[in-house]
Every structure is written in structure tokens, then in C-alpha cells.
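# Results of the structural survey
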Amino acid sequence: QVQLVESGGGLVQAGDSLRLSCTASGLTFNDYAMGWFRQPPGKEREFVAAINWSGSYIYYTDSVKDRFTISRDNAKNTVYLQMNRLQPEDTAVYYCAGGRWPVRNPDTYNYWGQGTRVTVSS
């Protein structure tokens, strides 16, 4: 059974950093592109970043590309999201997802984690 488990969320102050992790099991990890999405309170889910199977292609949404870094370690079946200079508008539940292509359309992702909550205070 496929499982994606996120960790690393928490409560931080504006300007702080966090690193989120998502560890996969039950699938051949290096066959999959991985993505990060987030859902702010009261808003719809939105794309954050994606990475192809090898890490050679990376795609960010414009609002985070100067602050966030997505990476993966296929030996550990894990994808990471390093988040720097966090701001209150980054407050959301962050989800990782696995799919065929590293794109922003959530409908292309087959598997989703349970989410990890990030709260940024001002």
C-alpha cells in the first residue's frame, strides 16, 4: 500500500526557516515525480514546487522560487522542501504528492500525503 508521510511542520516566527520532509513507501520512488502543494486556512490547495524523478528538472511557483528549495534523495525515498524567510502568508497545511510529471496541475498526481501544518507568526 502506498504511503506518503510528511513531517517537519510547526510554529515559527516570520523570517525563520523550516525543512519539510516527505517519505514514501509502497512504490518505486525513483519512477515518480514529486510535488509540494499547500492549502492556506480558508483557501484552496495551491501548487508550490515539483521535481522530476532524478532531480534534474525543478519547477517552482513564482511566489516561492526565491525562498524555497525542493530536493530529493532517492536512496531514502524522501523529498524535501527547504523553506527560508518564512512569512505569515506561507501559513498552510503542506502536502506532498507523487505522479508521472513534475507539473502544477494536481490532477496529474496519483498519491498524496496527510499533510503537515506550518504556521508563521508575525
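Above this text sits the structure in question.
Conventions used here
Counting restarts for each chain, with residues numbered from 1 along the sequence as it is written. Reporting in this predicted model follows two pLDDT cut-offs: at least 70 for local features of residues, and 80 or more for side-chain atom pairs to be given and counted; totals over whole chains, interfaces and linings ignore these cut-offs and use all residues. Hydrogens and water molecules were not included; the side-chain quantities draw on all heavy atoms of the structure. At least two DSSP bridges between two strands are required for those strands to pair. Starting at the N terminus, helices and strands are each numbered in turn, a helix being any DSSP run of H or I of at least four residues and a strand any DSSP run of E of at least two. Partly exposed describes any residue whose relative accessible area lies between the buried limit of under 20% and the exposed limit of over 50%, with all areas from a 1.4 Å probe on protein chains only and scaled to the type maximum. We call two residues in contact whenever any of their non-hydrogen atoms come within 4.5 Å of each other.

Here we come to the pairing of strand β3 (residues 18–25). Two faces, one strand: in a regular strand the side chains alternate between the faces of the sheet. Relative to β3, strand β1 (residues 3–7) runs antiparallel, the two sharing five bridges. Considered in β3, the bridge of Val 5 is made with Thr 23. Judged from the six bridges that link them, β3 and strand β8 (residues 78–83) form a sheet pairing that is antiparallel. Paired with Ser 21 across the bridge in β8 is Tyr 80.

What follows covers the pairing of strand β7 (residues 68–73). Taking every second residue as pointing to the same face, the buried face of β7 carries Phe 68, Ile 70 and Arg 72, while none of Thr 69, Ser 71 and Asp 73 on the other face is buried. One ladder, built from six bridges, connects β7 with β8; its direction is antiparallel. From the neighbouring strand, Thr 69 faces β8, where its bridge partner is Gln 82. Between β7 and β8, which follow one another and run antiparallel, lie four residues, and Asn 77 among them has a positive phi close to 50 degrees.

With respect to the helices and strands, the residue Asn 74 is situated in the loop between β7 and β8. For Asn 74, a relative accessible area of 26% corresponds to the partly exposed category. On a C-alpha basis, the gap between Asn 74 and Gly 55 in space is 9.2 Å, while along the polypeptide they are 19 residues apart. Ignoring anything within four residues of it in the chain, the contact list for Asn 74 reads Phe 29, Asn 30 and Trp 53.

Secondary-structure assignment places Met 34 in strand β4 (residues 33–39). Residue Met 34 is classed as buried on the basis of its relative accessible area, which comes to 0%. Excluding residues within four positions of it along the chain, Met 34 makes contact with Leu 4, Cys 22, Phe 29, Ala 49, Ala 50, Ile 51, Ile 70, Arg 72, Val 79, Ala 97, Gly 98 and Tyr 109.

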